[in-house]
Amino acid sequence: GYNRDLRWTWNDTGFPEQDDVLSCSDDDSGSDSDDDFHDSGLGTSLAPSATANGPGRLPLSRSPPEGNTHEDYEVGIVCALSKELLAVRALFDSPHPDLEKDRNDPNCYCLGRMKGFNVVAAGLPHDDYGTNSATNVASHLIRTFPRLKFCLVVGIGGGVPSAARDIRLGDVVVGTGVIQGDMGKWIQNSEFKMTAQKQQPPPYLRAVITKIRSNGFISFESASNPLLDDLSLIASMKPEYSYPGAGKDMLFEPGDVHVEMEPTCDNCIGSRRPRTRQHDGPNVFYGLIA
């Protein structure tokens, strides 16, 4: 749009500028006669211009704005803790500059490109925890970046080992579904019965899981683990993120209770199951997230 009284222009994108970009020529920039142009009210893309198309014709096209916009991001990531967000940002192949956002959006975003995707990551406010805060962050993220295909929750979790699944320190758990673990009812003389329904990821992500698990050329249980390079990259930024060794990976039995007020498990009493793997890389497990 254009205001002939204030000599300001407002392009199709961005903020108003005090620049007469709609003038037909430099010689008549100070003229406000009706012969200059007529504002269409629809932006500069419909304004007459003296270009190669001829006077009074529409320009062929507008050049795209420099850099990315909010609509260029496809994947959202939410982290509860700053230490989790650090690991995500370390894996950006290239970071992107910040974008302006709505004043009603309290989130702070980290933008970058990862494995061919434009990714936006956000963390929960300091000292905020729980599903309510995570839902609030995700809601603002989805509204500010309207073209997201999916949003992931990424971070530290507690695995549930079993005889069939020896989940250990540093292993990766991929959620094939989410279930609200505290939704249910107590029945007299019986255990707590969950009544929540499993919520599945989008079909696209479940198809990706099938593709990964069907690839016989990828092994997460050998020295050629493809995640090792990513772990080395994260550890180069934060050395304490590297694997501390099998001596620190002692698994207690489920019935053992941690000694109160002790920062570590060195003084805990109980049977410990040592790590017996032949490699230090993480295994990948798939299952429900509670």
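Before reading on, note that the structure itself is shown above.
What counts as what
- Residues numbered from 1 in each chain as written.
- Predicted model: local features only at pLDDT ≥ 70, side-chain atom pairs only at ≥ 80, totals over all residues.
- Heavy atoms only, no water.
- Helix = DSSP H or I, 4+ residues; strand = E, 2+ residues; numbered from the N terminus.
- Polar contact = N/O pair within 3.5 Å; in protein donor to acceptor, adjacent residues only side chain to side chain.
- Contact = heavy atoms within 4.5 Å.
- Disulfide = S-S within 2.5 Å.
- Buried < 20%, exposed > 50% of the residue type's maximum accessible area, 1.4 Å probe, protein only.
- Expected span 1.5 Å × (residues − 1).
- Arc of directions from axis to C-beta.
- Pairing = 2+ DSSP bridges.
- Axes fitted to C-alpha atoms, helices over the stretch in contact; angles between N-to-C directions.
- Phe/Tyr/Trp six-rings, centres within 6.5 Å; stacked < 30°, edge-to-face > 60°.
- Salt bridge = Lys/Arg side-chain N within 4 Å of Asp/Glu carboxyl O.
- Patch = residues over 30% accessible without salt bridge, like charges linked within 9 Å, V, L, I, M, F, W, Y side chains within 5 Å.
- Areas by Shrake-Rupley, 256 points an atom, 1.4 Å probe, with all protein chains shown as cover.

> Which parts of the structure should I look at to understand the side chain of arginine 275?
Among the secondary structure elements, arginine 275 is positioned in the loop between β12 (272-273) and β13 (284-289). In terms of polar contacts, arginine 275 uses its side chain to reach the side chain of tyrosine 243, at 3.2 Å. One polar contact links arginine 275 to aspartate 249, side chain to side chain, over a distance of 2.9 Å. Among residues more than four places away in sequence, those in contact with arginine 275 are Arg168, Leu169, Tyr243, Ala246, Asp249, Asp280 and Gly281.

> Explanation requested: the state of the cysteines in the structure shown.
Two cysteines whose sulfur atoms are joined by a covalent bond form what is called a disulfide. Applying the stated criterion across every chain yields a total of zero disulfides. In this structure cysteine 108 is a free cysteine whose sulfur lies 8.2 Å from that of cysteine 110, the closest cysteine sulfur available. Take cysteine 108: its relative accessible area is 60%, and that puts it in the exposed class. Just so you know, cysteine 265 is unpaired, no disulfide at all, and the nearest cysteine sulfur is the one on cysteine 268, 4.2 Å from it.

> I'm lost on helix α2 (residues 131-144) in this one. Help?
In this model α2 runs 20 Å from its N-terminal to its C-terminal C-alpha over 14 residues, within 8% of the 20 Å that 1.5 Å per residue would give. All of the buried residues along α2 are Ser133, Val137, Ala138, His140, Leu141 and Thr144. In a view along the axis of α2, the buried residues occupy a sector of 165°, so they form one face of it. Turned more than 90 degrees away from the buried face of α2, the exposed residues are Thr131 and Asn132.

> What am I meant to see in the side chain of aspartate 249 here?
Counting through the fold element by element, aspartate 249 comes out in the loop between α4 (228-237) and β11 (251-252). If we ignore the near neighbours within four places in the chain, the residues touching aspartate 249 are Arg168, Leu169, Tyr243, Arg273, Pro274 and Arg275.

> Before we go on, may I ask you to explain the sheet that holds strand β5 (residues 109-114) in this structure?
Sheet strands associate in pairs through backbone hydrogen bonding, adopting either a parallel or an antiparallel arrangement. Ordered by their spatial adjacency, five strands build an open sheet running β4-β5-β6-β3-β7, and the pairing between neighbours is mixed. Of all the strands in the sheet, just β4 (94-96) and β7 (150-153) have a single pairing partner and so form its edges. Taken over all neighbouring pairs, the strand axes of this sheet differ in orientation by 30° on average, direction set aside. Judged from the three bridges that link them, β4 and β5 form a sheet pairing that is antiparallel. Note on β5: the bridge partner recorded for proline 95 is glycine 112.

> What should I look at first to understand the packing of aromatic side chains in this one?
Between two aromatic rings, the relevant description is the distance of the centres plus the angle of the planes. Under the definition given, this model contains four aromatic pairs. The interplanar angle of 25° and the centroid separation of 5.8 Å between the aromatic rings of phenylalanine 150 and tyrosine 204 together place this pair among those described as stacked. On the criterion of sequence distance, the pair formed by phenylalanine 150 in strand β7 and tyrosine 204 in helix α3 (residues 203-213) is long-range, its members being 54 residues apart. Taken together through their ring pairs, the aromatic side chains of Tyr73, Tyr109 and Phe145 make up a single cluster.

> Would you mind showing me how to read unusual backbone geometry here?
The general pattern is negative phi for most residues beyond glycine and trans for most peptide bonds. The backbone of asparagine 189 sits at a positive phi, close to 60°, despite the residue not being glycine. Residue placement: asparagine 189 occurs in the loop between β9 (184-186) and β10 (192-194).

> Would you take a moment to explain the pattern of salt bridges for this structure?
When charged atoms on two side chains of opposite charge get close, those side chains can pair. Counted according to the given criterion, the structure contains eight salt bridges. Of the charged contacts in the structure, one is a salt bridge between glutamate 240 and lysine 238, with a shortest N-O distance of 3.8 Å. Residue glutamate 240 is classed as exposed on the basis of its relative accessible area, which comes to 57%. Overall, the relative accessible area of 28% leaves lysine 238 in the partly exposed class. A salt bridge links arginine 275 to aspartate 249; the nearest nitrogen and oxygen atoms lie 2.9 Å apart. With a gap of 26 residues between them, arginine 275 in the loop between β12 and β13 and aspartate 249 in the loop between α4 and β11 connect regions that are remote in the sequence. Of the residues examined, arginine 275 reaches a relative accessible area of 10% and is grouped as buried.

> What should I look at first to understand the environment of aspartate 128 in this one?
When you line up the elements, aspartate 128 lands in the loop between β6 (117-123) and α2. Residues aspartate 128 and alanine 80 lie 48 residues apart in sequence; the distance between their C-alpha atoms is 8.0 Å.

> How do you make sense of a nonpolar patch on the surface when you look at a structure like this?
A surface patch of nonpolar side chains, about 210 Å² in accessible area, is lined by Val173, Val178 and Ile289. By the secondary structure assignment, isoleucine 289 is in strand β13. When its relative accessible area of 33% is taken as the criterion, isoleucine 289 is described as partly exposed.

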